[in-house]
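Remarks on the overall topology
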Amino acid sequence: MKERLYLFDTTLRDGAQTNGVDFTLADKVAIAQMLDAFGLDYIEGGYPGANPTDTQLFSEPRKLDARFTAFGMTRRPGRSLSNDPGIAALLEAEADAICFVAKAWDYHVRVALETTPEENLASIRDSVRAAKAKGREVLVDCEHFFDGYKASADYALACARAAYEEGARWVVLCDTNGGTLPHEVEAIVGEVAQKIPGDHIGIHAHNDTEQAVANSLAAVRAGARQIQGTINGLGERCGNANLVSIIPTLKLKPEFAEKFEIGISDAKLRNLAHLSHALDEMLNRAPDRHAPYVGTSAFATKAGIHASAIVKEPATYEHVDPETVGNRRRLLVSDQSGRSNLLAELERIGIAVEKEDPRLVRLLDEVKEREALGYAYEAADASFELLARRTLGAVPDYFNVERFDVNVEQRYNAVGRRVTVSMAVVKVKVGNETLISAAEGDGPVHALDLALRKDLGKYQQYIEGLDLTDYRVRILNAGTEAVTRVLIESQDETGERWTTVGVSSNIIDASFQALMDSIVYKLVRSGAPA
Ligand SMILES: [Zn+2]
């Protein structure tokens, strides 16, 4: 019999503290549904009463399988329950569970709360009792628990026990400033677990020494059975424990997998990479390429000798099978790559070619030559695929850009402020049809992109769902002169993402090449007729 571990997501509450993150009500509802579909046990939505968005979020039932949790403070010292508007907002919230945050460090009780240790304990007990009387499941986040425990173990424990003895389902030990190290967490949680059963203990770790994931796992080893964290490690300062790294570790590493089960099935785990990227998308952030398990580089191999071994026996180089978390193996095609690398990549993208086909040598030479010019095919998967298809088979000439013209104008507007505006005009030939489109944009590349995608005649329907999601520029020294490399990341209506590359001494031209590759790639993928 495996023990059950519970996962508590606080992306919408603690994660909302991230610099630059501002969830709307619609965002919160959509993210809660995404998290619920993934199989998390608890979803903390926010702090009703603290701001209009969260108050509205908890104004109606959200109908989730997960326990939808409202967060707030314990009763204020010196007040009665009925005279505390914060408590009233929490008890009125349409939530399955209430998570109270309570002080657990005697120093904070005296200095921040300006009250007595006894009154703080009474406030914890009163708050738990009131929420239970309302039929809610209760959690108590013991703030600064580890620092408090080091300063005064008796008092920190007294706070935790007050919550537990009053009937809180979970007593959550928080490393609020993220400064505790894994061996300390393991030792302290182990001691707490002798006073409070481990299946009532949770861990809430912050990432200030980059050990929030390690601290969470250390707590589980010592007896804790609930883990709090956020998707992609969102959270203030350096973030919270990253559930995207914790979940696959619990599911795939024998030490945890053999002992514990979580509410996320193997099938759901295969949506992990998608979940992680979908949240980035909503926040308009480019996904971290180097993110463990889900990053595009997490299972990428470059060197030729490793690559041929990986094709023969992936387990020799990969710590888990990338498919289990919805990622995939990437054999980077670059000037270091050998033929086996290239063959494996072609097979993956569905291009059949014989091992001895002479065109293979031509493609490899082409890749090497172009990389010497500054093209980066290991980053630009879609441009590589087009190059391969062009060399080995055929990519239809869907359309031809006969000319384009982009200008940048600086002027002063009606109120005397300096503004720059760009306009692009593009002349495209599609079949026998000549189309001319013009567009204004924030900058020359934006204007060019808009004009290029404004009217592609019979192909327009295939690119309606195309969106540019990231644009990166680097100045390189290739040979004797400086050139500009542009990488463009695109996405379509199905959520598929791809990257294209352009290189030129002119940034507009480099951008144009990458834009063209992106559009042509989309047409190929959509099966647009020649
Ligand atoms: Zn926190």
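Just so we're clear, the structure is a prediction, and the values are computed from it rather than from any experiment.

Let's shift gears to a nonpolar patch on the surface. There is a patch of nonpolar side chains on the surface, built from Tyr471, Val473, Ile475 and Ile507 and spanning about 340 Å² of accessible area. With 3 residues, the top contributor of residues to the nonpolar patch is strand β16 (residues 467-478). Structurally, Ile475 can be placed in strand β16.

This next bit is on the nonpolar core. Within the largest apolar cluster, 88 residues are counted, with the highest numbers of intra-cluster contacts made by Leu7, Val140, Phe145, Val192, Ile247 and Leu250. Sorting elements by how many residues they give to this core places helix α7 (residues 153-165) first, with 7 residues. In contact with Leu250, not counting residues within four places along its chain, are Leu5, Leu7, Leu217, Ile227, Phe256, Ala257 and Ile262. Of all hydrophobic cores here, the second largest spans 35 residues; its members include Ala382, Leu386, Val430 and Leu523.

In this fold, Ser127 is placed in helix α5 (residues 117-133). Polar side-chain contacts of Ser127 include one of 2.8 Å to the backbone nitrogen of Arg75.

Looking now at the environment of Arg497. When you line up the elements, Arg497 lands in strand β18 (residues 497-504). Taking the C-alpha atoms as reference, Arg497 lies 47 Å from Trp105; in sequence the two are 392 residues apart. Ignoring anything within four residues of it in the chain, the contact list for Arg497 reads His277, Glu281, Pro287, Thr469, Glu489, Ser490 and Gln491. A polar contact of 3.3 Å, which involves the side chain of Arg497, links it to the side chain of Gln491.

Next up on the list: the coordination of the zinc ion. In ideal tetrahedral geometry, four donors around a metal make angles of 109.5 degrees, whereas ideal octahedral geometry with six donors gives angles of 90 or 180 degrees. All of the protein donors around the zinc ion are Asp14 (OD), His204 (NE2) and His206 (NE2); their distances to the metal are 2.0 to 2.2 Å. Site description for the zinc ion: donor spacing in sequence, D-x189-H-x1-H. With Asp14 in the loop between β2 (6-9) and α1 (25-38) and His204 in strand β8 (residues 201-205), this pair connects stretches of sequence that are 190 residues apart. In this pair, the class of Asp14 matches that of His204, namely buried.

Time to look at the pattern of salt bridges. Under the definition given, this model contains 31 salt bridges. With a shortest N-O distance of 2.8 Å, Asp41 and Arg4 are connected by a salt bridge. Residue Asp41 is found in the loop between α1 and β3 (42-46), and its partner Arg4 is found in strand β1 (residues 3-4); the two are separated by 37 residues along the sequence. A relative accessible area of 27% means that Arg4 is categorised as partly exposed. Here Asp517 and Arg390 are joined by a salt bridge, their closest N and O atoms 3.8 Å apart.

With parallel pairing, 8 strands are arranged side by side around a closed barrel as β2-β3-β4-β5-β6-β7-β8-β9. When the angles between neighbouring strand axes are averaged without regard to direction, this sheet yields 25°. Each of β5 (97-103) and β6 (137-143) is contacted by α5, which is oriented at about 175° to β5, the strand it contacts most. Strands in contact with α7 are β5, β6 and β7 (170-175); relative to β7, the strand with the most contacts, it is inclined by about 155°.

A few words on the environment of Asp365. The topology assignment puts Asp365 in helix α16 (residues 358-373). The exposure class of Asp365 is partly exposed, given its relative accessible area of 41%. Once the C-alpha coordinates of Asp365 and Leu331 are considered, the two residues, 34 residues apart in sequence, prove to be 17 Å apart.

With a phi angle near 55°, Arg237 is a residue other than glycine that sits in the positive phi range. Mapping Arg237 onto the fold places it in the loop between β9 (226-229) and α10 (243-252). Of the residues examined, Arg237 reaches a relative accessible area of 48% and is grouped as partly exposed. A positive phi angle, near 65°, is found at Tyr293, a position not held by glycine. Relative to the elements of secondary structure, Tyr293 occurs in the loop between α13 (272-282) and β11 (300-301).

As a further point, take the sheet that holds strand β13 (residues 400-412). Judged by pairing direction, the sheet is antiparallel, and its 3 strands sit side by side in the order β13-β14-β15 without closing on themselves. Single-partner strands in this sheet number two, and they are β13 and β15 (433-441). When the angles between neighbouring strand axes are averaged without regard to direction, this sheet yields 10°. Two strands pair when backbone bridges link them, and β13 and strand β14 (residues 418-430) are joined in this way by 12 bridges, in the antiparallel orientation. Across the sheet, the residue bridging to Glu409 is Val421, located in β14.

Across the 10 residues of α10, 8 count as buried, placing the element largely inside the fold. Among the residues making up α10, those that are buried are Leu243, Val244, Ser245, Ile246, Ile247, Pro248, Thr249 and Leu250. You can read the cap of α10 off the contacts: a side-chain oxygen lies 2.9 Å from the backbone nitrogen of Val244, and it is on Asn242.

Across the 7 residues of β5, 7 count as buried, placing the element largely inside the fold. Here β5 shows two buried faces, one formed by Ala97, Cys99, Val101 and Lys103 and the other by Ile98, Phe100 and Ala102. Pairing of strand β4 (residues 67-73) with β5, which is carried by 5 bridges, proceeds in the parallel orientation. Residue pairing in the sheet places Phe71 in a bridge with Cys99 of β5. For the crossover that starts at β4, traverses helix α3 (residues 85-92) and ends in the parallel β5, the hand is right-handed. With 7 bridges joining them, β5 and β6 adopt parallel strand pairing.

So, how was this worked out
Residues numbered from 1 in each chain as written. Predicted model: local features only at pLDDT ≥ 70, side-chain atom pairs only at ≥ 80, totals over all residues. Heavy atoms only, no water. Patch = residues over 30% accessible without salt bridge, like charges linked within 9 Å, V, L, I, M, F, W, Y side chains within 5 Å. Areas by Shrake-Rupley, 256 points an atom, 1.4 Å probe, with all protein chains shown as cover. Salt bridge = Lys/Arg side-chain N within 4 Å of Asp/Glu carboxyl O. Helix = DSSP H or I, 4+ residues; strand = E, 2+ residues; numbered from the N terminus. Core = buried A, V, L, I, M, F, W, Y, C linked by side-chain atoms within 4.5 Å. Buried < 20%, exposed > 50% of the residue type's maximum accessible area, 1.4 Å probe, protein only. Contact = heavy atoms within 4.5 Å. Polar contact = N/O pair within 3.5 Å; in protein donor to acceptor, adjacent residues only side chain to side chain. Donors = N, O, S within 2.8 Å, 3.2 Å for Na, K, Ca; no water. Pairing = 2+ DSSP bridges. Axes fitted to C-alpha atoms, helices over the stretch in contact; angles between N-to-C directions. Right-handed = clockwise from strand over helix to strand, strands pointing away.

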